[in-house]
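Geometric and topological summary
Listed below are the residues making up each chain.
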Amino acid sequence: MSLIETFSEFKETKNIDRTTMVGVLEESFRSVIAKIFGSDENFDVIVNPDKGDFEIYRNREVVADGEVVSENRQISLSEAREIDPDYEEGEEVSEEIDFAKFGRRAILTLRQTLASKILELEHDALYNKYKDRVGELIAAEVYQTWKNETLLMDDEKNELLLPKSQQIPRDFFHKGDTIRAIIDRVDNTNGNPKIFLSRTSPDFLRRLLEMEIPEITDGLITVRSIARIPGERAKIAVESYDDRIDPVGACVGVKGSRIHGVVRELNNENIDVINYTSNPRLLIQRALSPAQVSSIQLNEEDKKADVYLRPEEVSLAIGKGGMNIKLASMLTGYTIDVYREVDGDEATEDDIYLDEFADEIDQWVIDAIKGIGLETAKDVLNAPREMLIEKADLEEDTVDEVLRVLRAEFEEE
């Protein structure tokens, strides 16, 4: 490959400005010259990026015949006068060098040096472009999809990665699709930057809301908290500092018109919007919607809340697969346990400590239930079945057997 082709191959390199490019080319030539001659200090390298060529000159001092100590830095008088008969001792001869005459190995070394420096500069440019943009919403084009990640290209053809773990369930991409995501993190291990995107982060939902709802963009409404189970359901708490603005109504829009675009982008992820309040009891009550809460006992130090509801409201508070109570906990920052309210007659009945059932229930099961704060039979019977399964980490069959034993005890009475 010729030197001009070598030059042209790197001339239009992305993300590198002209001044930097000229510097890299000069540095690469000097690196090869130094390897050939031992030093590049007495060489002038002139790069002409517009013309796509370069010039190299070697400068040597004229010395008397027989007194040349360094052929790289000195030239004999007779040799100098072959170039120009007017040269005298002590003068400097500047002679153009034909780099191509250094041979194939020198050209190959130049190509490798140049490629290495270009790659290093491209990595630096990519890292600098994205390092301060974590959390920003971007659009990129799908280039290729693999089992564990999808490769995307930004508008400058930089590679971006969307891991499978950061994709919304039911996300399905075709090559050429333009998709939106947020910049999740920028990894620069060993100077090789990788830009990772996310569509499951709460911040992705936040940026979509900012884009779709002008009042959020303008700062009239603030998104105070977000909880997501990607692709399934989300809860957001919003607040307005202007009494004339209904933050929930503004976010949802007439017949859901405003929130619909966000829902569609999230593959029909249901979004509940509630009014934020600094009153934790009221916030928890709103977060558990559509369930109607009867009373709440708070432990603010441990961030725990015991919520009491009428029996018919318990399943609403927990939600399908425990989703509603999980999102409410994420949104409020409180660990929420829900309990059925008991009426006066039921409350006065004698209760029994769980340890007294050790002959019918394995001790490890009793210990697991006690580990989530339930000490008596009534505690267990008033707690939702789903909570026993999830928090005590018990199999469904085990929980059902425990409930059968405990109910039987009171039915016998």
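Let me begin by describing the structure that accompanies this report. These numbers come from a predicted model, not from an experiment. (Residues numbered from 1 in each chain as written. Predicted model: local features only at pLDDT ≥ 70, side-chain atom pairs only at ≥ 80, totals over all residues. Heavy atoms only, no water.)

This part covers the side chain of Asp337. With respect to the helices and strands, the residue Asp337 is situated in strand β15 (residues 335–340). The class of Asp337 is buried, set by a relative accessible area of 12%. Side chain to side chain, Asp337 and Lys391 meet in a polar contact 2.5 Å long. Apart from residues no more than four positions distant in its own chain, Asp337 is found in contact with Ala305, Asp306, Val307, Met387 and Lys391. (Helix = DSSP H or I, 4+ residues; strand = E, 2+ residues; numbered from the N terminus. Buried < 20%, exposed > 50% of the residue type's maximum accessible area, 1.4 Å probe, protein only. Polar contact = N/O pair within 3.5 Å; in protein donor to acceptor, adjacent residues only side chain to side chain. Contact = heavy atoms within 4.5 Å.)

To continue, consider the nonpolar core. Membership of the largest hydrophobic core comes to 26 residues, with the highest contact counts inside it found for Ile284, Leu288, Val307, Leu309, Ile336 and Val338. For this core, the elements supplying multiple residues, two or more each, are β10 (221–229), α9 (280–287), β13 (295–299), β14 (304–309), α10 (311–318), α11 (323–332) and β15. In terms of residue count, α11 provides more of this core than any other element does, five residues in total. In this structure Val338 touches Val307, Leu309, Val314, Ala317, Ile318, Ile325, Ala383, Pro384 and Met387, once residues within four positions along its chain are discounted. (Core = buried A, V, L, I, M, F, W, Y, C linked by side-chain atoms within 4.5 Å.)

Right, let's talk about the pairing of strand β11 (residues 233–240) for a bit. In terms of residue burial, β11 counts as a mostly covered element, since eight of its eight residues are buried. Along β11, one buried face is formed by Arg233, Lys235, Ala237 and Glu239 and the opposite face, lined by Ala234, Ile236, Val238 and Ser240, is buried too. Where β10 meets β11, eight bridges bridge the pair, whose relative direction is antiparallel. Looking at β11, one finds that Ile226 is bridged to Ile236. Counting the residues between successive antiparallel strands, the hairpin from β10 to β11 contains three residues, one of them, Gly231, with a positive phi of roughly 80°. (Pairing = 2+ DSSP bridges.)

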